[in-house]
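Listed below are the residues making up each chain.
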Protein chains: 2
Amino acid sequence: VEDRLLFLGVDGGGTQCRARLCDSSGLVLGVGVAGPANVRLDLDESFKSVLDATGQCLADAGLTVGSRPIVACLALAGATEPRELEAARRYRHPFRQMIVTTDAHAACIGAHRGRDGGVVVVGTGTVGWGVLGGRHYRVGGWGFPVSDEGSGAWLGCEAVRRTLWAYDGRTPWTALLGDVFAEFQSDPHAIVRWMGTARPRDFARLAPLVLRSAQQSDPVGCELMRIAAGYVDALAARLGALGVPRLALTGGLSSSLAPWLSPETRQQLVPAAADALAGALRLAQAQVQPAMHANG
Amino acid sequence: VEDRLLFLGVDGGGTQCRARLCDSSGLVLGVGVAGPANVRLDLDESFKSVLDATGQCLADAGLTVGSRPIVACLALAGATEPRELEAARRYRHPFRQMIVTTDAHAACIGAHRGRDGGVVVVGTGTVGWGVLGGRHYRVGGWGFPVSDEGSGAWLGCEAVRRTLWAYDGRTPWTALLGDVFAEFQSDPHAIVRWMGTARPRDFARLAPLVLRSAQQSDPVGCELMRIAAGYVDALAARLGALGVPRLALTGGLSSSLAPWLSPETRQQLVPAAADALAGALRLAQAQVQPAMHANG
């Protein structure tokens, strides 16, 4: 029966959630991508995204829901918050077994193949996570706007802020600020209306404009990348001070941000051995292995 | 009949709204204070606050609603936005005549007794407003979090941000950060939950802690006041560059912030001749005077 067991890893962030389905040998049977899965911002939406991505995995594998038992590890943004984590764990699900943890934890397990180490995840949000001698350390990632400095949401918000400065005549226009303004039909009131309901992922949607402009030496784009990198440096320094022996930079913005980091941070960095989905799958498998050992 | 006319001035901000009722000679008959009146954030709530404050004015004056005709000028936060302004102007009201404008405009008219000049309003939000040869200039004040730098909401958010930095071990604790943390029962997750629904006024509620700590030389409190003052300096500089001949600093945080401003800004400043309520009353009276002249 255990040979029929499937393992599902899910990496849920503020903008999208990805899923990977494996058999007990580790062979990938299917993958899926769906919408946001930040359990703090929207628990129902998060599970909808998770089940959507899971359905894609099963379809990929030529399987139907319920045809084989699944042990799932959902590594979701927002699961750092105790109440949201509890609610997620109680949420109705179709899996044989389900564990819920944070996306940063899974990224850390994936990056270091379960060994001690740390990650700074730079995506829609920003968070540092370390695992050291069985203990977990979390730095930052408390959510936009009071935290998550240097993230996609932060970059987008700061780009909009500077666009309004230029519109006000307080600072010069740059190509980046013109591009951001064009996203709002060059109407500052459209920015205000948008902001009224904008979520972190809406701000983060503007981050690619910042990244691209910085590559083209736009002065505001470069300034924002420098500030963002400084925040990531601070997360890295804190994990280093906590004794984390190796650090990986992960998340959608990591490769764009890496060149802007301080020499100290870059010296600390190691490539991630595997991604957060691999980490989630490892955590899912660890749920079963002890039992198999006990039985075997 | 015109002798029976009353004039109502209302100054509505993100945290509270104040009202003042006068007779046609300018004699104050009553005053009122009620909840927030930011028409961008909540139009119904804004009018509820306005009518609440108006009722207090009438009770003060020993009058009942409808007993005498009222010409009202509602100077409301958020009325800078065209759609919100239109909606406010169409809103059902009990006044003989009602004009709606922004709180910054009324502050400017009050500060300079209707003459050319400018104001920087520092309250829950921050905005610069200038009147020059019949033209209006607006700088900043696009709303938190993409604008309103240096405001009460901004100060509160930045204080919370730094509290989480200290909790993470990224920076040292200070008395201010301890005070902010105590507001959340020293639980970072309580901050996250609060932030999920916090409005600008909720952030601004923490600003008094920052002001007080800066007076006591708290390093973070002083740093935040310096940064906030820099933003207000920038608004003042822009209004100066637009040709505004005199500038007043108004709003709930103005007196606390003034000592932190640059010498250049302080040199530009004149005391406000009167407050935003006086400005709103002046605008209300201006609605009637032309007609009276035409009839007389």
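The coordinates are above.
Notes on the structure follow.

The rules behind these values
- Per chain, residue numbering runs from 1 following the sequence as it is written.
- To label them, take the chains in the order written and letter them from A, then take the ligands in the order written and number them from 1.
- The model is predicted, so local features are restricted to residues of pLDDT at least 70 and side-chain atom pairs to those at 80 or more, both for listing and for counting; the totals for chains, interfaces and linings are taken over all residues.
- Processing note: side-chain calculations cover all non-hydrogen atoms of the structure and skip hydrogens and water entirely.
- Put simply, a salt bridge is a Lys or Arg side-chain nitrogen that is within 4 Å of an Asp or Glu carboxyl oxygen.
- Secondary structure elements are defined from DSSP: runs of H or I of at least 4 residues count as helices, runs of E of at least 2 residues count as strands, and each element is numbered from the N terminus.
- A 1.4 Å probe rolled over the protein chains alone gives each residue an accessible area, and that area as a share of the maximum for its type sets the label: buried under 20%, exposed over 50%, partly exposed in between.
- For this analysis, a polar contact is any N or O atom pair within 3.5 Å, provided that within protein one partner can donate a hydrogen and the other can accept it, and provided that sequence-adjacent residues contribute only side-chain to side-chain pairs.
- Note on definitions: a residue-residue contact is assigned when non-hydrogen atoms from the two residues lie within 4.5 Å.
- Reported buried area values correspond to the accessible surface (1.4 Å probe) lost by two parts on association, with both partners' losses combined.
- Here the axes come from fitting lines to C-alpha atoms, over the contacting stretch only for helices, and the angles between their N-to-C directions go from 0 to 180 degrees.
- Every angle not falling under 35 degrees, over 145, or within 65 to 115 is termed oblique; those three ranges are roughly parallel, roughly antiparallel and roughly perpendicular.
- When residues are grouped by polarity, Ala, Val, Leu, Ile, Met, Phe, Trp, Tyr, Cys and Pro land in nonpolar, Asp, Glu, Lys and Arg in charged, and all others, Gly among them, in polar.
- Here, a strand pair is defined by DSSP locating no fewer than two bridges between the strands.

What follows deals with the pattern of salt bridges. Residues and elements named next belong to chain A. Applying the stated criterion across every chain, the model contains 26 salt bridges over all chains. Among the ionic pairs, R20 bridges to D275, the shortest N-O distance being 2.7 Å. Separated by 255 residues along the polypeptide, R20 in strand 2 (residues 17-23) and D275 in the loop between helix 11 (263-268) and helix 12 (276-295) bring together distant segments of the chain. Look at R20 and you get buried, because its relative accessible area is 18%.

Residues and elements named next belong to chain A. With respect to the helices and strands, D202 occurs in helix 7 (residues 200-204). A polar atom in the side chain of D202 sits 2.7 Å from the backbone nitrogen of R199. There is a polar contact of 3.0 Å between the side chain of D202 and the side chain of R205. Ignoring any residue separated from it by four or fewer positions in sequence, one finds D202 in contact with W194 and T197.

A separate point is the interface of chain B and chain A. Listed as interface residues are 36 residues of chain B and, on the opposing side, 36 residues of chain A. Interface area lost by chain B to chain A is led by W142, V146 and R170 of chain B, which between them contribute 23%. Here chain B is connected to chain A by four salt bridges. Notably, a salt bridge pairs E149 of chain A with R170 of chain B, separated by 4.0 Å at the nearest N-O pair. Counting across the interface, chain B meets chain A through 16 residue pairs in polar contact (both at pLDDT 80 or more). Among the secondary structure elements, those contributing two or more residues to the side of chain B that touches chain A are helix 2 (82-90), strand 8 (135-140), helix 4 (152-168), helix 6 (188-197) and helix 9 (219-241) of chain B.

Attention now moves to the packing of helix 4 of chain B against helix 8 (residues 207-215) of chain B. The angle between the axes and the distance between the axes are what describe a pair of packed helices. Residue and element names in this part refer to chain B. Where helix 4 meets helix 8, the closest approach of the two axes is 8 Å, and the angle between their N-to-C directions is 80 degrees. The angle between the axes of helix 4 and helix 8 places the two elements in the roughly perpendicular class. Side by side, helix 4 and helix 8 meet where G152, L155 and A159 of the first sit next to A207, V210 and L211 of the second. Grouping the amino acids of the contact of helix 4 with helix 8 by side-chain chemistry returns five nonpolar, one polar and no charged.

This part takes up the pairing of strand 7 (residues 126-132) of chain A. All names here are of chain A. Judged by how many residues are buried, strand 7 sits mostly within the fold: six of seven residues are covered. For strand 6 (residues 117-122) and strand 7, the ladder comprises six bridges, and the chain directions are antiparallel. Counted as the bridge partner of V120 is G128 from strand 7. Counting the residues in the hairpin turn of strand 6 and strand 7 gives three residues. Pairing between strand 7 and strand 8 (residues 135-139): five bridges, direction antiparallel. Paired with W129 across the strands is R138, a residue of strand 8. In this antiparallel pair of consecutive strands, strand 7 and strand 8, the connection spans two residues, and G133 shows a positive phi of 55 degrees.

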